[in-house]
Each structure stands twice: as structure tokens, then as C-alpha cells.
Amino acid sequence: MTISLHRHFVDQVLKQPPAIRAAVFDAMLALPDALRTPAKHTGLGLRKLHASGIWEVRVGLGLRYLLQLSADQAIFRFLGTHDEVRKYLKNL
């Protein structure tokens, strides 16, 4: 699987404190295993949000990241709160 980071996602991650950046990185590392074995992804909160292949992953209680998944590629697109994710999805 090819992994790409959208520039906006990178900017949003870099604005976070080190502890949050580490949590985002840990959630990103857990993603391949969660995709292979769906029963293990309950802690990540992985769920499909949009027909275009946009999925959400929880990073702690108040933060989520969005990624676009296809058969051979994962593009990390957005990092934000639940409300910011809802606004982002309205613009798709």
C-alpha cells in the first residue's frame, strides 16, 4: 500500500503539540493492521464517512483524521475536531 500525506494534513499535524503529533503517528502506524483485521480497529474508530472512499480515524477523544482509501493507496487528507471534519465533508 502506498501512503501519501496531503500538504494540508502535514500543516495541521505540525501545528499540534508533540503529544498529539505522537498520537497521530501512532494511529497512522496502527492503520495497516486495522485494515487487515477489522475486529482490531475498534480502538481507532475506523469508519467510512463518504462514498468517495473517505474514512475517519479517531486520535484521542477530540481529534480525528480523514484519509482516502483505495485498494493500493492511502492518502491522509485532514486533521481536526469532529465539527471541523463535518465542515470538511460538506465541501466534498
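Described in the following lines is the structure provided in the data block. Keep in mind it's a predicted model, so treat the numbers as computed, not measured.

Thresholds applied
- Residues numbered from 1 in each chain as written.
- Predicted model: local features only at pLDDT ≥ 70, side-chain atom pairs only at ≥ 80, totals over all residues.
- Heavy atoms only, no water.
- Core = buried A, V, L, I, M, F, W, Y, C linked by side-chain atoms within 4.5 Å.
- Buried < 20%, exposed > 50% of the residue type's maximum accessible area, 1.4 Å probe, protein only.
- Helix = DSSP H or I, 4+ residues; strand = E, 2+ residues; numbered from the N terminus.
- Contact = heavy atoms within 4.5 Å.
- Expected span 1.5 Å × (residues − 1).
- Bend = angle between axes of the 7 residues up to and from the residue.
- Salt bridge = Lys/Arg side-chain N within 4 Å of Asp/Glu carboxyl O.

**Here's the deal with the nonpolar core**
No. 1: Residues F9, V57, Y65, L67 and F76 are the most contacted members of the largest nonpolar core, which totals 18 residues.
No. 2: Those elements that place two or more of their residues in this core are α1 (7-14), α2 (18-36), β3 (54-59), β4 (63-69) and β5 (73-80).
No. 3: Ranked by residues supplied to this core, first place goes to α2 with five residues.
No. 4: For F76, the residues in contact, after removing those within four places along its chain, are I3, S4, L5, H6, F9, M28, L31, Y65, L66 and L67.

**A few points about α2**
No. 1: Between the first and last C-alpha of α2 there are 29 Å, a value that for 19 residues agrees with the 27 Å anticipated at 1.5 Å per step.
No. 2: Taken as a whole, α2 carries its principal kink of about 35° at A30; the proline P32 stands between one and four residues after it.
No. 3: For α2, the complete set of buried residues consists of V24, A27, M28, L31 and A34.
No. 4: Contacts made by the buried residues of α2 are with β1 (2-5), α1, β3, β4 and β5.

**Notes on the pattern of salt bridges**
No. 1: A complete count under the given rule lists four salt bridges for this structure.
No. 2: Here D33 and R36 are joined by a salt bridge, their closest N and O atoms 3.9 Å apart. In this pair, D33 and R36 are both assigned in helix α2, three residues apart and thus about one turn of the helix distant.
No. 3: According to the relative accessible area criterion, D33 is partly exposed, its value standing at 31%.
No. 4: Across the pair E56 and R64 runs a salt bridge whose closest N-O atoms are separated by 3.4 Å. Taken individually, E56 and R64 each receive the classification buried, so the pair is uniform in this respect.
No. 5: Among the ionic contacts, a cluster of salt bridges with common partners joins R47, E56 and R64.

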